[in-house]
Amino acid sequence: MFRRAYIVSLLLVALSSFRCGEGEEAEVVEKVDPRIEQVFSATRIVLDSGSSHENVYTGEELQTFLNGFQPDSFHYDPTHVRLVSDCRGGTVTIGSESYLLSLCRLNQGDNRRVLSVGMGTDVLRFVEKER
């Protein structure tokens, strides 16, 4: 008898909790990785360092370049990958730190570019905004 009353009590608590929140809109809290802002505050990007095709972006040119990208919402995992080509390596300078990056072109869809920045043990990915 005690066990049955305990289960019924739990069900009533769960039901009343559900009913109390039913009319309220759920507030979605989106966590934004602070490193995304760091990348957008970069002071220098060098692509193809040391080659005859080296490109250095600083100042307004760098901000224009970075403003053409947005955080990538694609969820990479062992069964979900993107095929890329035409990759260019380089570095991005943020404050006094320098991080490796790659700029590649997507092989599917609208052929946008993907900017990947290695920060610590993670890779932050940005995709070119749709034109």
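Scroll up a little and you will see the structure.
For clarity, every value in this text was computed on a predicted model and none was experimentally measured. (Residues numbered from 1 in each chain as written. Predicted model: local features only at pLDDT ≥ 70, side-chain atom pairs only at ≥ 80, totals over all residues. Heavy atoms only, no water.)

1. Digging into the pairing of strand 5 (residues 97–106)
- Bridging between strand 4 (residues 84–94) and strand 5 involves nine bridges; their strand directions are antiparallel. The residue bridging Ile94 from the neighbouring strand is Glu97, located in strand 5.
- In this antiparallel pair of consecutive strands, strand 4 and strand 5, the connection spans two residues, and Gly95 shows a positive phi of 65°.
- For strand 5 and strand 6 (residues 113–119), the ladder comprises five bridges, and the chain directions are antiparallel. Looking at strand 6, one finds that Leu103 is bridged to Leu115.
- Connecting strand 5 to the next strand, strand 6, in antiparallel fashion are six residues, including Gly109 with a positive phi near 70°. (Pairing = 2+ DSSP bridges. Helix = DSSP H or I, 4+ residues; strand = E, 2+ residues; numbered from the N terminus.)

2. Examining the nonpolar core
- Ranked by internal contacts, the top residues of the largest apolar core, which has 20 residues, are Ile45, Phe65, Val92, Leu115, Val117 and Phe126.
- If you list the elements that add at least two residues to this core, you get helix 2 (34–40), strand 1 (44–47), helix 3 (59–67), strand 4, strand 5, strand 6 and strand 7 (122–128).
- If near-sequence neighbours (up to four positions away) are discounted, Phe65 is found in contact with Ile45, Tyr57, Leu103, Arg113 and Leu115. (Core = buried A, V, L, I, M, F, W, Y, C linked by side-chain atoms within 4.5 Å. Buried < 20%, exposed > 50% of the residue type's maximum accessible area, 1.4 Å probe, protein only. Contact = heavy atoms within 4.5 Å.)

3. With respect to the sheet that holds strand 1
- Taken in spatial order, the seven strands make up an open sheet running 2-1-4-5-6-7-3, and their pairing is antiparallel. Looking at which strands have only one partner, the edges of the open sheet turn out to be strand 2 (55–57) and strand 3 (69–71). The mean angle between the axes of side-by-side strands here comes to 25°, regardless of whether they run parallel or antiparallel. (Axes fitted to C-alpha atoms, helices over the stretch in contact; angles between N-to-C directions.)

4. Overview of the packing of aromatic side chains
- Counted under the stated rule, the structure contains four aromatic pairs.
- Measuring from ring centre to ring centre gives 5.2 Å for Phe65 and Phe69, while their planes differ by 55°; the resulting arrangement is tilted.
- Using a relative accessible area of 8% as the deciding quantity, one classes Phe65 as buried.
- What links up through ring pairs into an aromatic cluster is the set Tyr57, Phe65 and Phe69.
- Looking at Arg125, its charged tip hangs above the ring of Tyr76, at a distance of 4.1 Å from the centre. (Phe/Tyr/Trp six-rings, centres within 6.5 Å; stacked < 30°, edge-to-face > 60°. Lys NZ or Arg CZ within 6 Å of the ring centre and 35° of its normal.)

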